[in-house]
Amino acid sequence: QAKAAGRNTQRFFDPAMQAAASARAALEADLRQGMARGEIVAYYQPVVDAEGRIRGAEALARWRHPQRGLVLPGEFIAIAEQSSLILELSQQVLEAACAQLVRWAADSATRTLGIAVNVSARTFRQPDFADGVLAALQASGAHPGLLRLELTESMLLGDVEDAIGKMRRLKDHGVGFSLDDFGTGYSSLGYLQRLPLDELKIDRSFVRGLPSNANDAAIVRTILTLARSLGLRAVAEGVETSAQRDFLRAHGCDAFQGYLFGRPVPAEELPVQHP
Ligand code: C2E
Ligand code: MG
Ligand code: MG
Ligand code: MG
């Protein structure tokens, strides 16, 4: 490799760096095989309204690894994102979510439930991103108005015009948009206002200290005020206690997600109320 980098370039590899690089390569190869074997599945975490009724779920990728058991996204999304594997992974999760929407649409107890899908930066940057999402919706027969895509602030920073164009195209078909992990990025208020968003998701790092931590309480109140003045719904992530829920509800938060209401589970295990 040192040779390929140029005759005058010297490269020094230390053993720790080499070990890390080969571990990454092994994980990537393992993931590639696992994806081909259908080991990436979608789990669903309930999102509830102020009355505690389930209104939908967030699809969260899980790797059902034959040796390692259930592997969480923290261990494989970044690896997938460094290669084009993330494109296939995004497609698999989107297709799973669409198929789930179609199953729910067949039952009067579940037909209004929506699904939120996380979008990776690399997937969003594809020129045919919007077409791909529309194709998955059409092929499955899922109702676009029940699909919401979760974007993060950092992926919108680059080419704002391009991002707005993709979002508008999908919004014209009824697809909704949330800004995920809100508060951890670098949003300028000016550009927030221009994005065709429906919802802000308050990052769970700010929810954790509620209601006693004064800084977290101030940040959350500010985000809720901001959401209201921009005409956006606010959803809180990582709600684990009823004291957190009560604070959020008292300050106008519209929807809640967190272990208090349910962990991510296979769709069949979601606590869906039947009439
Ligand atoms: P995220 O989109 O912010 O998802 C919320 C994360 O918070 C999930 O972690 C969820 O299990 C966790 N969580 C929810 N409620 C609670 C709670 O009350 N307490 C605590 N401690 N944690 C809670 P998870 O499933 O490990 O996913 C981590 C991240 O991986 C996600 O963060 C998302 O950024 C990414 N991710 C997951 N699935 C996908 C996917 O299909 N595609 C892409 N591109 N990214 C994904
Ligand atoms: Mg999310
Ligand atoms: Mg989030
Ligand atoms: Mg988060």
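Parameters and conventions
Residues numbered from 1 in each chain as written. Chains lettered and ligands numbered in written order. Predicted model: local features only at pLDDT ≥ 70, side-chain atom pairs only at ≥ 80, totals over all residues. Heavy atoms only, no water. Donors = N, O, S within 2.8 Å, 3.2 Å for Na, K, Ca; no water. Helix = DSSP H or I, 4+ residues; strand = E, 2+ residues; numbered from the N terminus. Buried < 20%, exposed > 50% of the residue type's maximum accessible area, 1.4 Å probe, protein only. 1 Å grid on protein atoms, 1.4 Å probe; cavity = no way out; pocket = protein on both sides within 12 Å on 5 of 7 lines; lining within 4 Å. Points joined across faces, edges and corners; volume = space filled by probe spheres on them. Nonpolar A, V, L, I, M, F, W, Y, C, P; charged D, E, K, R; others polar. Arc of directions from axis to C-beta. pLDDT = per-residue confidence, 0-100. Near = heavy atom within 4 Å. Polar contact = N/O pair within 3.5 Å; in protein donor to acceptor, adjacent residues only side chain to side chain. Pairing = 2+ DSSP bridges.

**Examining the coordination of the magnesium ion (ligand 3)**
Line of reasoning, step 1. Surrounding the magnesium ion (ligand 3) are the protein donor atoms Asp180 (OD), Asp181 (OD) and Glu237 (OE), which sit 1.6 to 2.4 Å from the metal.
Line of reasoning, step 2. Ordering the donors of the magnesium ion (ligand 3) by residue number gives the pattern D-D-x55-E.
Line of reasoning, step 3. Separating the magnesium ion (ligand 3) from the magnesium ion (ligand 2) is a gap of 3.7 Å, bridged by Asp180, which donates to each. Of the two residues, Asp181 is situated in strand β6 (residues 176-182) and Glu237 in the loop between β8 (233-236) and α11 (242-250); the sequence distance between them amounts to 56 residues.
Line of reasoning, step 4. When its relative accessible area of 25% is taken as the criterion, Asp181 is described as partly exposed.

**As for the layout of surface pockets**
Line of reasoning, step 1. Computed from the structure, the largest pocket encloses a volume of approximately 1000 Å³.
Line of reasoning, step 2. The wall of the largest pocket is formed by 35 residues, among which Glu58, Leu60, Pro73, Asn118 and Asp180 lie closest to the centre.
Line of reasoning, step 3. At the level of elements, β2 (54-65), α2 (77-82), α3 (85-105), β5 (147-152), α6 (153-157) and β6 are the ones that each hand at least two residues to the lining of the largest pocket.
Line of reasoning, step 4. Considering every element that reaches the lining of the largest pocket, the biggest residue donor is β2, with five residues.
Line of reasoning, step 5. Residue composition of the lining of the largest pocket, by class: 14 nonpolar, ten polar and eleven charged.
Line of reasoning, step 6. Along the wall of the second largest pocket there are 14 residues; nearest its centre are Leu87, Ser90, Gln91, Thr123 and Phe129.
Line of reasoning, step 7. Put simply, the parts of the chain that give the lining of the second largest pocket at least two residues each are α3, β4 (114-118) and α5 (129-140).
Line of reasoning, step 8. Top contributing element to the lining of the second largest pocket by residue count: α3, with four residues.

**Details of α11**
Line of reasoning, step 1. The complete set of buried residues in α11 reads Gln244, Arg245, Phe247 and Leu248. For α11, the angular spread of the buried residues around the axis is 165 degrees, confining them to a single face.
Line of reasoning, step 2. Positive phi shows up at Gly252, right after α11, with a value of about 95 degrees.

**As for the confidence of the model for the protein**
Line of reasoning, step 1. The predicted model of the protein averages 93 in pLDDT, with 95% of residues at 70 or higher.
Line of reasoning, step 2. Among the scores for the predicted complex, ipTM is 0.98 and pTM is 0.93.

**Points about the site of ligand 1**
Line of reasoning, step 1. Not every one of the 22 residues close to ligand 1 is listed here, only the nearest: Arg62, Asn118, Arg204, Glu240 and Tyr259.
Line of reasoning, step 2. Interatomic distance of 2.7 Å between a side-chain N/O atom of Arg204 and an oxygen atom of ligand 1.
Line of reasoning, step 3. A distance of 3.1 Å separates an oxygen atom of ligand 1 from a polar side-chain atom of Glu237.
Line of reasoning, step 4. Within the residue set of the shell around ligand 1, elements represented by two or more residues are β2 and β6.
Line of reasoning, step 5. Looking at the shell around ligand 1, its residues break down into nine nonpolar, five polar and eight charged.

**Concerning the pairing of strand β1 (residues 40-49)**
Along any regular strand the residues' side chains alternate between the sheet's two faces.
Line of reasoning, step 1. Burial of β1 is extensive: ten of the ten residues sit out of reach of the surface.
Line of reasoning, step 2. Across the two faces of β1 the burial is the same, with Ile40, Ala42, Tyr44, Pro46 and Val48 and Val41, Tyr43, Gln45, Val47 and Asp49 all buried.
Line of reasoning, step 3. With nine bridges connecting them, β1 and β2 associate as antiparallel partners. Directly across from Pro46, in β2, lies its bridge partner Ala57.
Line of reasoning, step 4. The hairpin formed by β1 and β2 contains four residues between the paired strands, and Gly52 there has a positive phi angle of roughly 85 degrees.
Line of reasoning, step 5. The pairing of β1 with strand β9 (residues 255-257) spans three bridges and is classified as antiparallel. Across the sheet, Val47 pairs through a bridge with Gln257, a residue of β9.

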